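Commentary on secondary and tertiary structure
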Amino acid sequence: MDHLINHPGLLFVFGIVIFVMLLLDLGVFNKNSHVVSTKEALIWTVVWIGLAMCFSGVIYYYMDFENFARFQSAYWIEKALSIDNLFVFILVFTFFKVPKELHHRVLFWGIIGALIFRAIFIFAGVELINHTYLPAVTIWGKEIQINVVLTIFGVFLLVSGIKSWFASDDHSNEEDLSKNFAVRMVHRFFKVSKEYDGDKFFTVQNGIKMVTPLFVALMVIEFTDLVFAVDSIPAIFAIAPDDPFILYTSNIFAILGLRSLYFLLANFMDRFSKLKYGLAIILSFIGIKMIISPFVHIESTVSLSVIIGVLVLSVVASFLFPPKTKEI
C-alpha cells in the first residue's frame, strides 16, 4: 500500500493516460460504429502494448528494477490468461448475432466495467492477504510465516493449471447462452427487445422502455470477465501480494489492450493450438510459487523469465506443430 502513498505522481500519470486514451478511443477514433480492420487493430495493439512498456519504464526510473520486473510479470500473466476471453467474445457475438460494426462498442463498455470490478478485487484482495498471515514459526532455524489466502490461491491455481492441460481443444461448441446467469438476470429485471436498435443498449417500442440484445451481450461479457478474474487475479497476487499499485496498473493495461487483440486475432485463434499448454504451465508455476513462497523465495526476474519463455515457446510450437486437420 505504501507505493500509493509514496508515489502519488505515478498514480496520477496512470490515471491521466487511461482517461485520455479512453476518451480518444470512444470519442474520436470510434465515434461512429464501424467494422474494425486488421490494420486498425494492429495499430491499437501496438499502442496499448507500447504504453504499458513505457509505463513500466517510468516505474523503473522512479522506483526500482524489482518493481519493473513485478509490473512486467503481472502484465504478461494477465495478458496470457486473457486469451481465453477472446474465445468467449467470439462465442457471445456469434450467439447473439451481434453485427461486426457493434463489436467494439460492446467490448469498450465491457472493459469499463472490468476497470471497476478489477479495482474492487485487487484492493480488497490485498487487504485480505494482509490480515490472513499465520503467526511466525521457526523451522530448521528459519522463521516461516504462512499466509492462508495465498496458500489457498496457490493450490487453486495448481489444480487449474493441471485441468487446463487436459481441457478440450474444441472452442467451437455452440453453448446455449440463453441459460447463462447474466442472461437470466437481464430477462428477470428488464423487458428485452427481439431486434437491435442500431448501437443502442436501450430502446423504446410501443411506448415501452426495453433493453436491446446488445445490452444482453454486454452483460454476458461483464459476467464472464468476473468468472475469468477468479483465475487471473489470484495469479498476479503471487507477483506482488502487498502492492495494489503494481497489480492494478499492470492489470488494467493488459485488459485495455484486449479489445484490439481480439480484432487482430479473431480469425486466427485456431493457429495458437499449443497456447493452452503454455497457460497451463504458467498457472501451475504460479501456483507452486505461491505454495512454497514461505519456504523458498523466487525472484521476480526469474518469474518474468519463465512467463515470457513459456509464452514464446508455446506460440512457436503452435506454428511448428499445427493441429492435424480432420479428413472428411
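Residues numbered from 1 in each chain as written. Predicted model: local features only at pLDDT ≥ 70, side-chain atom pairs only at ≥ 80, totals over all residues. Heavy atoms only, no water.

1. Remarks on the overall build of the chain
Assigned secondary structure in the chain consists of 13 helices and 4 strands. A compact globule built from 328 residues would reach a C-alpha radius of gyration of about 20 Å, and the chain, at 21 Å, matches this within 12%. Based on the C-alpha atoms only, the size of the chain along its principal axes is roughly 75 × 55 × 40 Å. A buried classification covers 47% of the 328 residues belonging to the chain. For the chain, long-range pairs separated by at least 24 residues make up 78% of all intrachain contacts whose partners lie at least 6 apart in sequence. Surface exposure of the chain reaches about 17200 Å², of which carbon and sulfur atoms provide 68%. Considering the chain, the positive charge centre built from 24 side chains and the negative charge centre built from 26 side chains are found 7 Å apart. (Helix = DSSP H or I, 4+ residues; strand = E, 2+ residues; numbered from the N terminus. Rg over C-alpha atoms; globule rule 2.2 N^0.38 Å. Buried < 20%, exposed > 50% of the residue type's maximum accessible area, 1.4 Å probe, protein only. Contact = heavy atoms within 4.5 Å. Areas by Shrake-Rupley, 256 points an atom, 1.4 Å probe, with all protein chains shown as cover. Lys, Arg positive; Asp, Glu negative; His and termini not counted. Charge placed at Lys NZ, Arg CZ, Asp CG, Glu CD.)

2. So, the pairing of strand β3 (residues 202–205)
Here β3 pairs with strand β4 (residues 208–211) via 4 bridges, running antiparallel. Bridging across to β4, Val204 finds its partner in Lys209. (Pairing = 2+ DSSP bridges.)

3. Considerations on the pattern of salt bridges
In this structure the tally under the stated criterion is 5 salt bridges. Linking Glu66 and Arg70 is a salt bridge whose minimum nitrogen-to-oxygen distance equals 3.8 Å. On the criterion of helical spacing, the pair formed by Glu66 and Arg70 is a turn pair, its members being 4 residues apart in helix α4 (residues 65–81). When the shortest N-O distance is used, the salt bridge between Asp197 and Lys200 registers 3.9 Å. Residue Lys200 is classed as partly exposed on the basis of its relative accessible area, which comes to 45%. Residues participating in the shared-partner salt-bridge network are Glu66, Arg70 and Asp242. (Salt bridge = Lys/Arg side-chain N within 4 Å of Asp/Glu carboxyl O.)

4. Some words on the environment of Leu261
Looking at where Leu261 falls in the secondary structure, it is placed in helix α11 (residues 258–265). Sequence-distant contacts of Leu261, defined by excluding residues within four places in its chain, comprise Thr45, Lys79, Ile83 and Leu86.

5. Considerations on unusual backbone geometry
You will see that Lys97, though not glycine, has its phi angle at about 50°, which is positive. Turning to its location among the elements, Lys97 is positioned in the loop between α5 (83–95) and α6 (103–130). Judged by relative accessible area, which is 66%, Lys97 ranks as exposed. Of note in this structure, Asn206 is not a glycine but carries a positive phi near 55°. Inspection of the secondary structure puts Asn206 in the loop between β3 and β4.

6. Focus: the packing of aromatic side chains
Per the stated rule, a full pass over the model turns up 25 aromatic pairs. Ring plane angle 45° and centroid distance 5.2 Å describe the contact between Phe202 and Phe215, whose orientation is recorded as tilted. Here Phe215 lies in helix α9 (residues 213–237) and Phe202 lies in strand β3, a separation of 13 residues in the sequence. Through pairs of rings, three or more aromatic residues link up here, namely Phe14, Phe55, Phe71, Tyr75, Trp76, Phe123, Phe245, Tyr248 and Phe253. (Phe/Tyr/Trp six-rings, centres within 6.5 Å; stacked < 30°, edge-to-face > 60°.)

7. Some points on a nonpolar patch on the surface
Taken together, Phe12, Val13, Ile16, Phe19, Val20, Leu23 and Leu24 make up a surface patch of nonpolar side chains, about 640 Å² in accessible area. For Leu23, the position within the fold is in helix α2 (residues 8–29). (Patch = residues over 30% accessible without salt bridge, like charges linked within 9 Å, V, L, I, M, F, W, Y side chains within 5 Å.)

8. Regarding the confidence of the model for the chain
Overall, the predicted model of the chain reaches an average pLDDT of 84, with 91% of residues at or above 70. Taken element by element, the predicted model of the chain shows its lowest mean pLDDT in helix α1 (residues 2–6) (52) and its highest in β4 (92). (pLDDT = per-residue confidence, 0-100.)

9. Description of the side chain of Asp243
Inspection of the secondary structure puts Asp243 in the loop between α9 and α10 (244–256). Here Asp243 occupies a buried position and makes no salt bridge, while the nearest side chain of opposite charge, Arg70, is found at 4.4 Å. Of note is the side chain of Asp243, whose polar atom sits 3.2 Å from the backbone nitrogen of Phe245. At a separation of 3.3 Å, a polar atom in the side chain of Asp243 contacts the main-chain amide nitrogen of Ile246. (Polar contact = N/O pair within 3.5 Å; in protein donor to acceptor, adjacent residues only side chain to side chain.)

10. Considerations on the environment of Ile116
Relative to the helices and strands, Ile116 resides in helix α6. Take Ile116: its relative accessible area is 52%, and that puts it in the exposed class. Sequence-wise, Ile116 and Ile252 are 136 residues apart; in three dimensions their C-alpha atoms are separated by 9.9 Å.

11. Description of α11
Judged by how many residues are buried, α11 sits mostly within the fold: 8 of 8 residues are covered. Leu258, Arg259, Ser260, Leu261, Tyr262, Phe263, Leu264 and Leu265 are the residues of α11 that are buried.

12. Considerations on the packing of helix α3 (residues 38–62) against α4
In helix packing, the relevant descriptors are the interaxial angle and the interaxial distance, both defined with respect to the helix axes. At a minimum axis distance of 7 Å, the contact between α3 and α4 shows a crossing angle of 155°. Taken together, the axis directions place α3 and α4 in an arrangement best described as roughly antiparallel. Two packed elements cross with a definite hand, and for α3 against α4 that hand is right-handed. On the side of α3, the interface is formed by Trp48, Ile49, Ala52, Met53, Phe55, Ser56, Gly57, Ile59 and Tyr60, while α4 contributes Phe65, Asn67, Phe68, Phe71, Gln72, Tyr75 and Trp76. Per-class residue counts for the contact of α3 with α4 are 12 nonpolar, 4 polar and no charged. (Axes fitted to C-alpha atoms, helices over the stretch in contact; angles between N-to-C directions. Parallel < 35°, antiparallel > 145°, perpendicular 65-115°, else oblique. Left-handed = near helix turned anticlockwise from the far one by under 90°. Nonpolar A, V, L, I, M, F, W, Y, C, P; charged D, E, K, R; others polar.)

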